Amino acid sequence: MTPIDAKRPLQLNDQGQLRHFLSLDGLPRELLTEILDTADSFLEVGARAVKKVPLLRGKTVCNVFFENSTRTRTTFELAAQRLSADVITLNVSTSSTSKGETLFDTLRNLEAMAADMFVVRHGDSGAAHFIAEHVCPEVAIINGGDGRHAHPTQGMLDMLTIRRHKGGFENLSVAIVGDILHSRVARSNMLALKTLGCPDIRVIGPKTLLPIGIEQYGVKVYTDLEQGLKDVDVVIMLRLQRERMAGGLLPSEGEFYRLFGLTTARLAGAKPDAIVMHPGPINRGVEIESAVADGPHSVILNQVTYGIAVRMAVLSMAMSGQNAQRQFEQENAQ
Amino acid sequence: MTLSILGARVIDPSSGLDQVSDLHIDAGKIIAIGAAPAGFTPARTLQADGLVAAPGLVDLNVALREPGYSRKGSIASETRAAAAGGVTSLCCPPQTKPVLDVSAVAELILDRAREAGHSKVFPIGALSKGLEGEQLAELIALRDAGCVAFGNGLKSFANTRTLCRALEYAATFDLTVIFHSQDRDLAQDGLAHEGAMASFLGLPGIPETAETVALARDLLLVEQTGVRAHFSQLTSARGAKLIEQAQARGLPVTADVALYQLILTDQALVDFSSLYHVQPPLRTQADRDGLREAVKSGVIQAISSHHQPHERDAKLAPFGATEPGISSVELLLPLAMILVEDGLLDLATLLQRLSSGPADALRLPAGQLKVGGAADLVLFDPKASTVAGEQWRSKGDNCPFIGHCLPSAVRYTLVDGHISHEA
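None of these values were measured; they are calculated from a predicted model.

Here we look at the overall build of chain A
Stage number 1. Secondary structure summary: chain A contains eleven helices and nine strands in total.
Stage number 2. In terms of principal-axis extent, the alpha carbons of chain A reach across some 65 × 45 × 40 Å.
Stage number 3. Expressed as a percentage of the 334 residues in chain A, the buried residues total 49%.
Stage number 4. In chain A, the proportion of contacts linking residues at least 24 apart, taken out of those at least 6 apart, comes to 77%.

A look at the interface of chain B and chain A
Stage number 1. The partner chain A presents 26 residues to the 29 residues of chain B that form the contact.
Stage number 2. Mapped by element, the contributors of at least two residues to the side of chain B that touches chain A are α6 (196–201) and β17 (405–415) of chain B.
Stage number 3. With four residues, α6 of chain B is the single largest residue contributor to the side of chain B that touches chain A.
Stage number 4. Here the side of chain B that touches chain A is composed, by residue class, of 19 nonpolar, eight polar and two charged.

Re the packing of helix α5 (residues 152–166) of chain A against helix α6 (residues 184–195) of chain A
All names here are of chain A.
Stage number 1. Interaxial distance between α5 and α6 falls to 8 Å at its minimum, and their mutual angle equals 55°. On the basis of their axis angle, the class for α5 and α6 is oblique. Between α5 and α6 lies a crossing whose hand is right-handed. Residues Pro 152, Gln 154, Gly 155, Met 156, Asp 158 and Met 159 of α5 lie in contact with α6, whose contacting residues are Val 185, Ser 188, Asn 189, Leu 191 and Ala 192.
Stage number 2. Taken together, the residues of the contact of α5 with α6 break down into six nonpolar, four polar and one charged.

Observations concerning the sheet that holds strand β7 (residues 87–92) of chain B
Where strands meet in a sheet, backbone hydrogen bonds hold them as pairs that are either parallel or antiparallel.
Residues and elements named next belong to chain B.
Stage number 1. Spatial ordering of the open sheet is given by β6-β7-β8-β9-β10-β13-β14-β15, a layout of eight strands whose pairing is parallel. This sheet does not close on itself; its edge strands, each paired only once, are β6 (57–59) and β15 (302–304). The sheet shows a mean angle of 25° between the axes of neighbouring strands, taken without regard to direction.
Stage number 2. Across four bridges, the pairing between β7 and strand β8 (residues 120–126) is parallel.

Details of the pairing of β7 of chain B
All names here are of chain B.
Stage number 1. Counting buried positions along β7 gives six out of six residues, so the element sits mostly inside the fold.
Stage number 2. Relative to β7, β6 is paired through three bridges, and the arrangement is parallel. Each residue of the ladder has a partner; that of Asp 59, found in β7, is Leu 90.
Stage number 3. Handedness of the crossover joining β6 and β7 through helix α1 (residues 75–84) is recorded here as right-handed.

As for the UniProt feature "domain: Dihydroorotase catalytic" (unreviewed entry) in chain B
Stage number 1. In the numbering used here, UniProt assigns the "domain: Dihydroorotase catalytic" (unreviewed entry) feature to residues 52–236 of chain B.
Stage number 2. End C-alpha to end C-alpha, residues 52–236 of chain B measures 32 Å, and it is 39% helix and 19% strand.

Quick word on the domain arrangement of chain B
Residue and element names in this part refer to chain B.
Stage number 1. Domain assignment breaks chain B into domain 1 (2–52 + 374–422) and domain 2 (56–361).
Stage number 2. Taking only C-alpha atoms into account, the centre of domain 1 sits 26 Å from that of domain 2.
Stage number 3. Between domain 1 and domain 2, the residue contacts involve 30 residues of the former and 44 residues of the latter.
Stage number 4. Elements with a contribution of two residues or more to the side of domain 1 that touches domain 2: β16 (377–387), β17 and β18 (418–422).
Stage number 5. Ranked by residue count, the leading element in the side of domain 1 that touches domain 2 is β17, at eight residues.
Stage number 6. For the side of domain 1 that touches domain 2, a count of residues per class yields 16 nonpolar, nine polar and five charged.

Structural notes on the UniProt feature "binding site: L-aspartate" (unreviewed entry) in chain A
Stage number 1. On the UniProt side, "binding site: L-aspartate" (unreviewed entry) is annotated at positions that read Lys 99, Arg 184 and Arg 239 of chain A here.
Stage number 2. With respect to the element layout, Arg 239 of chain A can be found in the loop between β8 (234–237) and α8 (253–260).

Some details on the nonpolar core
Stage number 1. Phe 118, Val 235 and Leu 315 of chain A are the most contacted members of the largest nonpolar core, which has 241 residues in total.
Stage number 2. Sorting elements by how many residues they give to this core places helix α11 (residues 300–333) of chain A first, with twelve residues.

What about the domain arrangement of chain A?
Residue and element names in this part refer to chain A.
Stage number 1. On domain assignment, one finds that chain A holds domain 1 (29–150 + 305–323) and domain 2 (152–299).
Stage number 2. Centre-to-centre, using C-alpha coordinates, domain 1 lies 26 Å away from domain 2.
Stage number 3. Listing elements by their share of the side of domain 1 that touches domain 2, those giving two or more residues are α1 (29–47), β4 (140–146) and α11.
Stage number 4. Sorting elements by how many residues they give to the side of domain 1 that touches domain 2 places α11 first, with six residues.
Stage number 5. For the side of domain 1 that touches domain 2, a count of residues per class yields nine nonpolar, six polar and five charged.

Basis of the calculations
Residues numbered from 1 in each chain as written. Chains lettered and ligands numbered in written order. Predicted model: local features only at pLDDT ≥ 70, side-chain atom pairs only at ≥ 80, totals over all residues. Helix = DSSP H or I, 4+ residues; strand = E, 2+ residues; numbered from the N terminus. Buried ≥ 20, exposed ≤ 12 C-beta atoms within 10 Å, placed from the backbone. Contact = placed C-beta atoms within 7 Å. Nonpolar A, V, L, I, M, F, W, Y, C, P; charged D, E, K, R; others polar. Axes fitted to C-alpha atoms, helices over the stretch in contact; angles between N-to-C directions. Parallel < 35°, antiparallel > 145°, perpendicular 65-115°, else oblique. Left-handed = near helix turned anticlockwise from the far one by under 90°. Pairing = 2+ DSSP bridges. Right-handed = clockwise from strand over helix to strand, strands pointing away. UniProt positions renumbered as here; feature names shortened; annotations may be inferred. Domains from an automatic or database assignment. Core = buried A, V, L, I, M, F, W, Y, C linked by C-beta atoms within 7 Å.

Structure below.
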C-alpha cells in the first residue's frame, strides 16, 4: 500500500500549461521563463499612452483578500484592468471561528456570479491549494499570498527585477535577509532562484527567524550579515513585522537593526553594482536604512512597476490554460 | 445462543495458543476449545477454514462523540464501525460535551453502548473537572460508574504542582492515569511536526521536544508519586526511548501508539490535505521507524486507532482551520496487518499488541481466548483483502486510507458470543 498520494500538478492542465498559480513548487524552468518573457512584453504596454490589451475582455476577475494589502491588491487590480477584464475586489474580514466557512461560502457565492478567476490572499498556509482543489476547480485561482507558505507572483516579480538588472541568474549570488521563518516571499524566492539556476542563494538571519530544514531549498545559511553579503549581486531585504518582538524571537527592533539592518556601510561589502530589493512595505530604520532604500542601488520602486507586468502575465497565462483545459475536457466528453 | 466455529486457526497470544481447532460457545462464553463437550449441539455453526480466530481487538482510544457531538458520530455508529474493524472492547476518551467528569455522563455512555450492543465500552474519565487542569474530577465516583482510567487528553494542567497532586490522589486509590504528553507552550499554535516539511509548507511547527520534554517530566512525576501510568499516542522515536529507559529502570509504565503513526509520516502533508491533520502530529520517517521498533520490542505494548470521526465541514477548510483527527477504527485490523505484510511483526505479536497488550495496560477484562471467558473474538481471512471505504459505517469519512487495498478481511466479530459484525 502507498498511503501517500502521488503529488499531482494541481496548477497545471493536461498540456502542462498554467491553470492555477498557487506556488512555484513543481513548476519547470521553462514555465518560469515564459512568465518572465510574457511579463517583459507587458512592460511595454504599461509604457503606452493607452495601457490596455484585450486578452481578458469579457472575463471577470475577483480579488478576494482575507488579509490586508495595498500594493498587491492594487497591482492585481491594475493588471486585470490592463488586460481588459472586469474587476471586483472584496476585502473579507475574518473571524477566527468561522474562517473556513467564510472562505468556502464566499468563494462559492462569487463562483455563482460567474467569476472566471480569483486572486486570493489568505492568512492560512495552503488556502489557495484548498480553494483550487475543493472549492472552485473550474475557476482559475491565483495565490496572492497564503500564510507563510507562498507568494508566487511576488517571487516572479522579484525574478523579473533581477533578470532585467542582471541579465540572468547563472552567475549570481543572491542574499535574502531577515525574517525568513514567517516569510512567504522568501520561500517563493528561494524556489524561483533555484529553479532558474542561481548557483549561490544565501539566507541571512538569526536562528529564531530561520525555519528548520531550510537547507532543503539549496541555500547557504549565514547568521552574520557582513559575511553573508560579501560579494553578492542581489540583496533581498524582508519586512520585519513588529509583532516578532513578542514571544522571544528578538529582543528589540534596535538590536535587529544593529545586527541585520542594511546600511550603506554594510552594503559596501556587496558587489559595487549590487541591487537592493524589498517586497514592501519597508520599515525604515528597522531592516533598512533610508539612505539605502532611496539610494542608487535600490530597485524597490522598479519592483512595483514590474509587479503589474508579472501579474498581467500570470493572469493571462492562467486564464488561457484554464480555457484550454475546459475545451479539452469538453472535446473528450464528446 | 450456542455456536460452534469449526476449523479456524485459533491464535491466543496471551497463552501462546496457535493451532487449527474448533471453538464452542454457549451463553456468551467459550465453553471449549477443540472437541465439543458431550451432547453440545450448537444452534449455529460457522465453517471457518482458512480464517484466523483471535481475541476480539481492544482499542484504547475511540472517540464516540456522544454526548455532545452527534454531527461527528454516535455511540451506535462508532461502535458499529469498531465491530467492523474487529474490535470487541474499546475505551472512549473524556472529550465529550458535557465532559466525562461526572458519573452521569459515564452512565449515559454505558447505557447507550449496551443498547447498541456492537462493542463493549470502557469509558476513560476526565482527570480534572472540565479537562481544565485546575480541579480534580470526582475520580472515585467516576470509577464506580465504570471509568477504567483517567486522563486529561492533550490539555495540560494549569501547573505542575496541580498535576502532581492529581497523580498522588489517583495513586492513593490505585487508579490508572493516561498521559498524552505534550508541552503546551512548545506545541502552541503548531499544526505539523517541526521539520523540513512544515517549513516548506509554511505551517507552524510542533517540535519533537513538545513530546519529549513533557514526557520526561511526566515520567519523573510518575516515579515520585508511584501512580499507575499509561502513556498514550506516542509520536517520536525519542519519546519511545524515554519510555524504554523508564521501563528499564523498573518503572511499570505502559504505552500505546496510534496505528496511523506507524504507517504515515509528515511527508503526507504535501499538498495540504487536511485528512492528515492530526494532533499530536505525524512525524518523520525516523520517528515512524523508531515507533515501529518499540512496538516490535514490546516497549509499546498497545496499538490503538485513536479514532476521531468528523463531519465533512470539519475538514473542509485550509489546513490550519480544520479539526485534527482520522476516522479509522473500522479499518483497525486490515490497517494493522500492514505491519505483518511489511515483515515487522509476526501475526501472533501483532494480535498481542491489539488485544492482550492494550487490555493489560488498562487492566481490562478482555483480550484473551480462554475456556470460561467471554466469547469476544474476531474471525478474519489473512489472505483476503479489504478495499477501504467500500462500505463505511462511521459517521466520519475523514480517513486518508479510503480507496486503498489493505491486507486481510474481517469476516465475523463476536461480542459475548453474538455476532456484532458479519461480512
